[in-house]
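So the chains spell out like this:
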Protein chains: 2
Amino acid sequence: MLEDKNQHKTNIESLGEFGLIDYLTKNIEISQESTLKGIGDDAAVLDFKDKKAVISTDLLVEGVHFDLAYMPLKHLGYKAVAANVSDICAMNATPTQITVSLALSNRFPLEAVEELYEGIKLAAKIYNVDIIGGDTTSSQKGLIISITAIGEANLNDIVYRSGAQPNDLLVVTGDIGAAYMGLQVLEREKQVFLVNPNNQPDLEAYTYLIERQLKPEARKDIKEILEKLEIKPTAMIDISDGLSSEILHLCKQSGVGCNLYEDKIPGDPQLINVCEEFNLDITTIALNGGEDYELLFTISTEDYDKIKGNPNFTVIGHMTEEKEGTHLITRANTKIALKARGWNAIKEE
Amino acid sequence: MLEDKNQHKTNIESLGEFGLIDYLTKNIEISQESTLKGIGDDAAVLDFKDKKAVISTDLLVEGVHFDLAYMPLKHLGYKAVAANVSDICAMNATPTQITVSLALSNRFPLEAVEELYEGIKLAAKIYNVDIIGGDTTSSQKGLIISITAIGEANLNDIVYRSGAQPNDLLVVTGDIGAAYMGLQVLEREKQVFLVNPNNQPDLEAYTYLIERQLKPEARKDIKEILEKLEIKPTAMIDISDGLSSEILHLCKQSGVGCNLYEDKIPGDPQLINVCEEFNLDITTIALNGGEDYELLFTISTEDYDKIKGNPNFTVIGHMTEEKEGTHLITRANTKIALKARGWNAIKEE
């Protein structure tokens, strides 16, 4: 419904593999000092000097991770990069490079690949990462995007998932749940569109939610903010699969339990309104939604005063001894077990 | 035809995404000093100290890059790693780590994924690279494998595609064309099998060719051999898409021309016999076949005495001034233009 059906279409087969790669990468510039050699050889060459290299990879499959019916290709490219950069930020590292591999079925004309690549290049510019390599090939069905993100950090700055201690405070950046609710809005509009293609959707009331779904941002800013506050988190993860799933990862890998307070989970006012409209429970959405790309971390209680009142952060709970288990303390002050029901690329149902 | 149809099948959906990743990666060990943190966090952490990091990525799609009718999954896993490691070797670097992402349609039971992973793990062991991350997800159709290989090298050791000079000798490791011919044999047997599934193929005469196709090896040994000979190539590339295509890459990026001598191109005796059987021209196969994963490099004429008579190397031509063009000198001593007709994941036809 967001696609322009009248665009000019060039068959990518007319360019061939090397032609397509040349075409897509011709204007790519290198800005990171650590990139000695980017695209154009058997491999890229990077120099991290005294810093450590941090590396993460994601595979995104059409029909599993995204639906092009409401995800414009440019946004998809941007989001794919942001999601990978987010993993680097979750190590308290600075993203520096990405590689981008694409597999495309023959239904994609060159103009579609260009649009996708525009989003990728825009995100690379915004996050200041060099595109240093990749692969472009055919697929039997749909679009597949594989991105590897690379970053750098001083060894002492790196934060793992495993360092949380009992009594540490559990902190989240930004607000949670909006991206998933944006997806629900878009899914509903898709159904309306399928029934009546001439219907013009009025999405005014949903702009924030839709933006969170279609153009999420990695929290590259958090590393610097924490540095200025002189805080090093004890453990950190990014929220890609839902708050509950990520909290359980931190607990499992740190060997701790936790109490999460329902009334502390930050939700945007628009999310609150739209949850009412959809008759959905906001806590369920926040816990299980995913794709927020906010950071979830733990800090020592001694650091509490440094973040108190800071609009970037919300304390949503605290860690406990492992034997105490992982719990959600509800608004009614009942204690229920925290379960991971977050998004799963290989469904358990 | 190489698949055991009676194997026990476990649905991967019963494990879920994290369960599958845990299951596949539970026995993975780290052996590289540069791997500070492998699988299990938002990103892996690597320390290359004074060395440079080298990084390359490939995306392999079922039905485009491989056919499971004759490619056993274990071999496929092995080959996917070897092909990526080969890119690191082509930089004259030492492979150290890989990430492995898989997308699988629901026709793959857990046992199939395990078999694929066994091949991946075996190759990781043989090439001494740590598996440090990846992603596992569903696909709408078929199997997709995305591997990123990482290596390390001293800055002075790294060899690019762009350093060849006029008069440099063009050298190839091993023999060329067998992998492609192995594919032709397997394609023929597949057709026979489709007509008569009870036919037991006699592949005795094709063992080397089939092994080159199903279990190619990256030339990780060459770096050390060259070091002992005190040779640093002026330019290097690996042969994945066919000899002619790779020579043209070297010429283009080095700004030189070349003369390639048909009678010098090394072919295995089995390849010669089978080319006769199939009524195919061996030079065409060598030039355009691909998937040999041998290394192609240039050296200064001063180094010629060091490799003369060395069974690992064959001098197949020499570089010229760019304006002289790129040529094949045939056995009949005629000079014809060298053209890239190698394998292309996005067909130009």
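As the structure is a prediction and not an experimental result, all values here were calculated from the model.

Colleague: So what exactly am I meant to see when it comes to the UniProt feature "binding site: Mg(2+) 3" (unreviewed entry) in chain A here?
Modeller: Taking the numbering used here, the UniProt-annotated feature "binding site: Mg(2+) 3" (unreviewed entry) corresponds to A:Asp42, A:Asp87 and A:Asp238. With a sequence span of 197 residues, these residues are also far apart in the fold, their greatest C-alpha distance being 32.1 Å. For A:Asp42, the position within the fold is in the loop between strand E1 (35–37) and strand E2 (44–46). Leave out the neighbours within four places in its chain, and A:Asp42 touches B:Ser56, B:Asp87, B:Ala90, B:Met91, B:Arg161, B:Met236, B:Ile237 and B:Asp238. Looking at the element boundaries, A:Asp87 is found in helix H2 (residues 73–89). Dropping the residues within four chain positions of it, A:Asp87 is found in contact with A:Ser56, A:Asp58, A:Asp238, B:Asp42 and B:Ala43.

Colleague: Looking at this structure, how should I read the domain arrangement of chain A?
Modeller: Note: interface size is frequently given as the accessible area lost on complex formation between the parts. All names here are of chain A. The assigned domain composition of chain A is domain 1 (12–157) and domain 2 (169–337). When each unit is reduced to the centre of its C-alpha atoms, the spacing between domain 1 and domain 2 is 26 Å. On the domain 2 side, the residues contacting the 24 residues of domain 1 number 21 residues. Carbon and sulfur atoms make up 58% of the area that domain 1 and domain 2 hide from each other, which totals about 2100 Å². If you sort the residues of domain 1 by the area they bury against domain 2, Tyr70, Lys79 and Asn92 come out on top, with a joint share of 32%. Where domain 1 packs against domain 2, one counts 2 salt bridges. We note a salt bridge from Asp67 to Lys190, for which the minimum N-O separation is 2.6 Å. Here domain 1 is connected to domain 2 by 10 residue pairs in polar contact (both at pLDDT 80 or more).

Colleague: Honestly, the interface of chain A and chain B in this entry has me stumped. Any pointers?
Modeller: At the junction of the two partners, chain A supplies 70 residues and chain B supplies 71 residues. For the chain A and chain B pair, buried surface summed over both sides reaches about 5600 Å², with 55% attributable to carbon and sulfur atoms. One can count 8 salt bridges joining chain A with chain B. With a shortest N-O distance of 3.7 Å, B:Arg161 and A:Asp41 are connected by a salt bridge. Summed over the shared surface of chain A and chain B, the result is 20 residue pairs in polar contact (both at pLDDT 80 or more). Note that strand E3 (residues 52–61) of chain A and strand E2 (residues 44–46) of chain B share 3 bridges and pair antiparallel. Note on E2(B): the bridge partner recorded for A:Ile55 is B:Ala44.

Colleague: Would you explain the pattern of salt bridges in this entry?
Modeller: Two side chains with opposite charge may pair up if their charged atoms get near one another. Within the structure shown, the criterion is met by 40 salt bridges over all chains. For B:Asp47, the salt bridge goes to A:Lys52, with nearest N and O atoms at 3.0 Å. Note that B:Asp47 is positioned in the loop between E2 and strand E3 (52–61) and A:Lys52 in strand E3, a pairing that runs across two chains. Residue A:Lys52 is classed as buried on the basis of its relative accessible area of 11%. Note that A:Lys74 and A:Glu118 form a salt bridge whose closest N and O atoms lie 4.0 Å from each other. Taken as a pair, A:Lys74 in helix H2 and A:Glu118 in helix H3 (residues 110–126) lie far apart in primary sequence, 44 residues in all. When salt bridges that share partners are traced, they join A:Arg212, A:Arg219, A:Asp221 and A:Glu294 into one network.

What counts, and where the lines are drawn
- Residues numbered from 1 in each chain as written.
- Chains lettered and ligands numbered in written order.
- Predicted model: local features only at pLDDT ≥ 70, side-chain atom pairs only at ≥ 80, totals over all residues.
- Heavy atoms only, no water.
- UniProt positions renumbered as here; feature names shortened; annotations may be inferred.
- Helix = DSSP H or I, 4+ residues; strand = E, 2+ residues; numbered from the N terminus.
- Contact = heavy atoms within 4.5 Å.
- Domains from an automatic or database assignment.
- Buried area = accessible area lost by both parts, 1.4 Å probe.
- Salt bridge = Lys/Arg side-chain N within 4 Å of Asp/Glu carboxyl O.
- Polar contact = N/O pair within 3.5 Å; in protein donor to acceptor, adjacent residues only side chain to side chain.
- Pairing = 2+ DSSP bridges.
- Buried < 20%, exposed > 50% of the residue type's maximum accessible area, 1.4 Å probe, protein only.

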